[in-house]
Amino acid sequence: MARPVPEWHALSAADVARAFSLDPARGLSDEEVADARASYGANELGGSSPLRLARVIARLLSSPLSLVLIAVGAAAVFLAAWVDVAVIAVVLLVNVLVGTIQEGRARHVFETLATSQRHDAVVLRNGIRQVIPAREIVPGDVLIIEGGKAIAADARLIAAADLAVNEAALTGEWIAVHKQVDPVRPHASISEQDDMVWSGTTAVAGFGTAIVVATGKATALGHTAAHLHDDDAESTLQQSVSNLARILMICVGVAVCAITAIGLAQGIPFASIILTGIALGVAVMPEGLPAAVTIVLAVGVETILKHGGLVRNLNAAETLGSTTYIITDKTGTLTTGQMSLAGLYSVRGMAKQDTSLDGGDNHALLAKAILASDAFVVEHDGELAVEGRPIERALVMAGLRAGIAQQELFASGHARRGFLQFEASRRYAVSRNETERGDEWIFTGSPEILLAASSRVLAMDGARELEPAVREKFEAVQRRESAHGNRFIGIATATAPREGGFPDGVRLGTELPQLTFVGMIAFADTVRPDAAAEIASAQAAGLRVIMATGDYAETARIVARAVGIDAGSVVSGPEAEALDDAKLLAVLRGGAIFARVLPEQKLRMVRVLRDAGETVAMTGDGVNDAPALVSADIGIAIGSGTDVAKEAADIVLLGDSFSVIPAAIEEGRRIGDNLRKIVGYLLSTSFSELFIIAASLVAHAALPLLPTQILWANVIQEGIMTFPFAFEPAERDVMRRTPRKAGEEMVLTSSLKKLIVFTAIMTGLVVLCLYAILAWLGTALPEIRTVLFVALTLDSLLYVFAFKDLHRPIWRIDFRSNRLIVLAAGTNFLILMASLTLPPLRSLLTLAPLTIVDLALLVLLACANLATIETAKALFFRNETAHARTPAPAAALAQGQ
């Protein structure tokens, strides 16, 4: 009998610790962790079900195409058309084989992506804080919770300071729940258990410690996921392609019924016309398209991953190619994010003109900053490393070099009793620490915010009144050093009440107590070496890049100039807020840089641009960036940012670099191109056959192709050719085209429709002319059908090379760039030769030997049809090619032209 699970929320924190024989101040030992892992396993929900061959085959056989083939086979059995039965059996086998290979490849890629989405957690083990993969958490672990971080297991809180958690993943309620540590009544619902935190939720503010009580499938999220797991969710593009297939099925059904009716009226044998009609339906229906979409998207997101971008939402891969505006942050994206301490500025230090660690009160200034930092030291493979955001890491690392260790400060009378993480909306963080004289609040963040709230300053003779001249000196230093690209944080303190948490005014940034200003710390951050080239690449692709940073105007201007962003004007957040939507849109299109911007102001920028019909990508890293990331067409989270931002984003920049964004946009355009090539290739060849059959029936001529020949040519030979298009590299000029307009059809574009119709009709007319010539020459019908069968097969082989690049003529295409297409074409040619020379296959397909005249006519026909598709490419894709040769000037882009 299963042991009942305790109601952890109803037990006191001490009782929970006793249940796990745990000292919360030390956490588990290595031996206890090993025992718990052996008992409970990994902290995982189980993921998607494994790829089972029988399951895949069953799904492929239940697809519309397979069902039609099975129906055709049943009709052939009923009509005793055993040759057709054999061909249909082979066709089904090949279709299932190709589908299984495609699904296996796609599943492998998506599993690779899933393992890349690794979450980390902070735990206390052996008395030391450690960063571990979330899957390694075990029941009994002491979990450290900070605002902005995801919660990786169900846990009972034992300490909480202004901790608020978003539990929408479980309850659907987006309002953050404030947490506390007192026991809750037995049998309370999840939404009432405010002394518990849950796997899959996210801390949005505050600080806490909790004992893990459930992991993996035993968590509340695990129980929910067991009922809600869905392996077969489709992206928007996959759904639209499925809809296209259904529409085509209706259209083809009508056409096939009409052809069958005409054939029967003309006295064509019932069995022959029925099988021909159904075979045409199978041939025209691009039912392999949904599988092709899956593999194209899978290969695309895998390529983006190799560039350092993790695609969390397949819809983003589809939208990337149409991006017109990128709103990007500065720190860590355009700069390296590897902050280094550039100077310490205390009153005494500035008086001695010494910004080093030894100058005046600079040592005490750095110690205060380290006490208020949320970075911490961990050990990886015997080496020390610092975890945290760039500035926080720089502080702790500078302290280590100076002999100031954070843990030693905590242990020597400055223990942290509460923490309020930095948020852009209030522009400061607060740590509550013990001191000899009582608790103290240490504020770190925006110098101007903290200076404005300070009435006193730490000076040579202790704390004294902050005089205007001293205030001006701090501000002058900040202006001067910011002009060189340095960033600043200020440090201030206040006496904390003995009881209670942070007041609402402090938490929300609306009201601060009277502070004592301790000083400022400067940080240097260099521009990424590749940033300028990547910005130029994005601009050449027709994208407008806007910098929106919380940093100072001068710092933003210097970085913008260094990377090639138009630095003509710098607009502050308050100035942007004062503009109406029309004026803000004009400023956005005019090339401004935005400094001292708040997350809600970024959100408004996104909405204004989207309302104007633009497709917007936006980067963000903070808790409050989440609404703007969700609102943008493509939300891009910084890899070093908060888990809240990553959960809200469509793409995560694993290395933080802006260079990933142009690479991802190029990949998005490649995805769109390759899907268009697949659709154009399938429909051009299939509709030409439909046109030929329909025209021959209207002309009261004999059927030019037999059902077995139609099935073989389309499903066996053309089916092999769609898979290699997924690996077709980006066309040379793909990043010099105008972005696709919002709402414009991505796959079946106007140009592609024209190409399909033109190619199908012209190819059909050429083949019909050949049919007429051969009939006029008195050629036997089996030989005519053989010539037409070979002609259509050769067309499919040549078309694949022509469709390799829709914007360049075939004689300028490098066939070596995708060896899979060459291999597939070679395989198809060998199959064709086998069908013409091997007696069993030749008999199966009812093919006749070809003469020298036939071969000569086939060569002429192939050249004519190749000229047809090249003409179509030149006619309907000329405008895109012309733009690629002449990218829009930056001035025109700035005006939105």
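Residues numbered from 1 in each chain as written. Predicted model: local features only at pLDDT ≥ 70, side-chain atom pairs only at ≥ 80, totals over all residues. Heavy atoms only, no water.

## Topic: the overall build of the protein chain
- Counting its secondary structure elements, the protein chain contains 34 helices and 25 strands.
- Looking at the protein chain residue by residue over its 897 residues, the buried ones come to 55%.
- For the protein chain, the share of sequence-separated contacts (at least 6 apart) that also reach a separation of at least 24 residues comes to 73%.
- Put simply, the protein chain shows about 36900 Å² of open surface, and 60% of that area lies on carbon and sulfur atoms. (Helix = DSSP H or I, 4+ residues; strand = E, 2+ residues; numbered from the N terminus. Buried < 20%, exposed > 50% of the residue type's maximum accessible area, 1.4 Å probe, protein only. Contact = heavy atoms within 4.5 Å. Areas by Shrake-Rupley, 256 points an atom, 1.4 Å probe, with all protein chains shown as cover.)

## A few points about the pattern of salt bridges
- Summed over all chains, the structure comprises 26 salt bridges.
- Measuring nitrogen to oxygen at the nearest pair gives 2.5 Å for the salt bridge that ties Lys179 to Glu167. Of the two residues, Lys179 is situated in the loop between strand E5 (177-178) and strand E6 (196-197) and Glu167 in the loop between strand E4 (154-166) and helix H6 (168-171); the sequence distance between them amounts to 12 residues. A single burial state applies to Lys179 and to Glu167, both of which are buried.
- One salt bridge connects Asp673 with Arg676, and the closest N-O pair in it is separated by 2.6 Å. With Asp673 and Arg676 both in helix H26 (residues 660-698), this residue pair falls three residues apart, about one helical turn. (Salt bridge = Lys/Arg side-chain N within 4 Å of Asp/Glu carboxyl O.)

## Looking at the packing of H26 against helix H29 (residues 781-802)
- H29 packs onto H26 with a crossing angle of 155° between their chain directions and a minimal axis gap of 10 Å. As the angle between them shows, H26 and H29 are arranged roughly antiparallel. Our pair here, H26 against H29, has a crossing hand that is right-handed. In contact with Tyr681, Thr685, Ser688, Glu689 and Ile692 of H26, H29 contributes Leu792, Ser796, Tyr799 and Val800.
- Counted by class, the contact of H26 with H29 contains five nonpolar, three polar and one charged residues. (Axes fitted to C-alpha atoms, helices over the stretch in contact; angles between N-to-C directions. Parallel < 35°, antiparallel > 145°, perpendicular 65-115°, else oblique. Left-handed = near helix turned anticlockwise from the far one by under 90°. Nonpolar A, V, L, I, M, F, W, Y, C, P; charged D, E, K, R; others polar.)

## Brief notes about the packing of aromatic side chains
- For the structure on display, the rule yields 11 aromatic pairs.
- Where Tyr428 meets Phe443, the ring centres are 5.6 Å apart and the plane angle is 65°; that geometry is what we call edge-to-face. Here Phe443 lies in strand E15 (residues 438-445) and Tyr428 lies in strand E14 (residues 428-435), a separation of 15 residues in the sequence.
- In this structure Tyr428 comes out as buried when scored by relative accessible area, which is 1%.
- For the ring pair Trp441 and Phe502, a centre distance of 5.9 Å and an interplane angle of 40° mean the geometry is tilted. Taken together, the positions of Trp441 in strand E15 and Phe502 in the loop between strand E18 (487-495) and helix H18 (504-508) put the pair 61 residues apart, joining distant regions of the chain.
- Trp441 gets classed as buried once you look at its relative accessible area, which sits at 4%.
- Among the aromatic residues, ring-to-ring pairing joins Tyr428, Trp441, Phe443 and Phe502 into one connected group. (Phe/Tyr/Trp six-rings, centres within 6.5 Å; stacked < 30°, edge-to-face > 60°.)

## Quick notes on helix H32 (residues 852-876)
- For H32, spanning 25 residues, the distance from its first C-alpha to its last is 37 Å, which sits close to the expected 36 Å at 1.5 Å a residue.
- For H32, the full list of buried residues reads Asp854, Leu857, Leu858, Leu861, Ala862, Asn865, Leu866, Thr868, Ile869, Glu870, Ala872 and Lys873. (Expected span 1.5 Å × (residues − 1).)

## Structural notes on a negative patch on the surface
- Negative charge collects at one region of the surface, where Asp30, Glu31, Glu32 and Asp35 lie side by side.
- Positionally, Asp35 belongs in helix H2 (residues 30-40).
- Exposure remark for Asp35: the relative accessible area of 54% places this residue in the exposed category. (Patch = residues over 30% accessible without salt bridge, like charges linked within 9 Å, V, L, I, M, F, W, Y side chains within 5 Å. Lys, Arg positive; Asp, Glu negative; His and termini not counted. Charge placed at Lys NZ, Arg CZ, Asp CG, Glu CD.)

## Regarding helix H23 (residues 599-611)
- Between the first and last C-alpha of H23 there are 18 Å, a value that for 13 residues agrees with the 18 Å anticipated at 1.5 Å per step.
- Every buried residue of H23 is accounted for by Pro599, Gln601, Lys602, Leu603, Met605, Val606, Val608 and Leu609.
- Residues of H23 that are buried sit in contact with strand E9 (325-328), helix H21 (573-578), helix H22 (581-589), strand E22 (593-595), strand E23 (616-620) and helix H24 (626-631).

## Description of unusual backbone geometry
- The phi dihedral of Ser21 falls on the positive side, at around 50°, and the residue is not glycine.
- Topologically, Ser21 is positioned in the loop between helix H1 (13-19) and H2.
- The exposure class of Ser21 is exposed, given its relative accessible area of 63%.

## Topic: a nonpolar patch on the surface
- Together, Val757, Ile761, Met762 and Leu765 make up a nonpolar patch on the protein surface, roughly 300 Å² of accessible area in all.
- By secondary structure assignment, the location of Leu765 is in helix H28 (residues 750-776).
- With relative accessibility at 38%, the residue Leu765 sits in the partly exposed group.

## Quick word on the sheet that holds E23
- Read across the open sheet, the six strands follow the order E8-E25-E24-E23-E9-E20; overall the sheet is mixed. Because the sheet does not close on itself, it has two edges, and the strands there are strand E8 (309-311) and strand E20 (544-547). Averaged over all pairs of adjacent strands, the angle between strand axes in this sheet comes to 20°, irrespective of strand direction.
- Sheet topology places strand E24 (residues 634-638) next to strand E25 (residues 651-653); three bridges connect them, and they run parallel. If you follow Ala637 over to E25, its bridge partner there is Val652. (Pairing = 2+ DSSP bridges.)

## Comments concerning the side chain of Asp195
- Examined against the element boundaries, Asp195 turns out to sit in the loop between E5 and E6.
- With residues near it in sequence (within four places) discarded, Asp195 still touches His9, Ala155, Arg156, Leu157, Gln180, Val181, Asp182, Pro183 and Val184.

## Considerations on the environment of Ala628
- Tracing the chain through its elements places Ala628 in helix H24.
- On the basis of relative accessible area, Ala628 is assigned to the buried category, the value being 1%.
- Sequence separation between Ala628 and Ala617 is 11 residues, and the spatial gap between their C-alpha atoms is 9.9 Å.
- Sequence-distant contacts of Ala628, that is, excluding residues within four places in its chain, are made with Lys602, Leu603, Val606 and Met618.

## Structural notes on the packing of H29 against helix H30 (residues 819-837)
- The N-to-C vectors of H29 and H30 enclose an angle of 170°; their axes lie 10 Å apart at closest approach. By the angle between their axes, H29 is roughly antiparallel relative to H30. For the pair formed by H29 and H30, the contact residues are Thr786, Phe789, Val790, Thr793, Leu794, Leu797, Val800 and Phe801 on the first element and Ile821, Val822, Ala825, Asn828, Phe829, Leu832, Ser835 and Leu836 on the second.
- Of the residues belonging to the contact of H29 with H30, the class tally is 12 nonpolar, four polar and no charged.

## Looking at the nonpolar core
- In terms of nonpolar packing, the biggest core is built from 108 residues, with Leu334, Met547, Ile565, Ile651, Tyr681, Phe789 and Phe803 touching the most fellow members.
- In this structure, Tyr325, Leu585, Val606 and Ala645 belong to the second largest nonpolar core, which totals 34 residues. (Core = buried A, V, L, I, M, F, W, Y, C linked by side-chain atoms within 4.5 Å.)

## Here we look at the pairing of E14
- Burial of E14 is extensive: six of the eight residues sit out of reach of the surface.
- Looking at chain direction, strand E13 (residues 416-423) and E14 are connected through five bridges and run antiparallel. Bridge assignment links Arg416 to a residue of E14, and that residue is Asn433.
- With antiparallel pairing between neighbouring strands as the criterion, E13 and E14 make up a hairpin whose turn holds four residues, including Arg427 at a positive phi of roughly 70°.
- Pairing geometry for E14 and E15, over eight bridges, is antiparallel. Pairing of Tyr428 across the sheet is with Gly445, part of E15.

Purely spatial values, then, with no claim about function.
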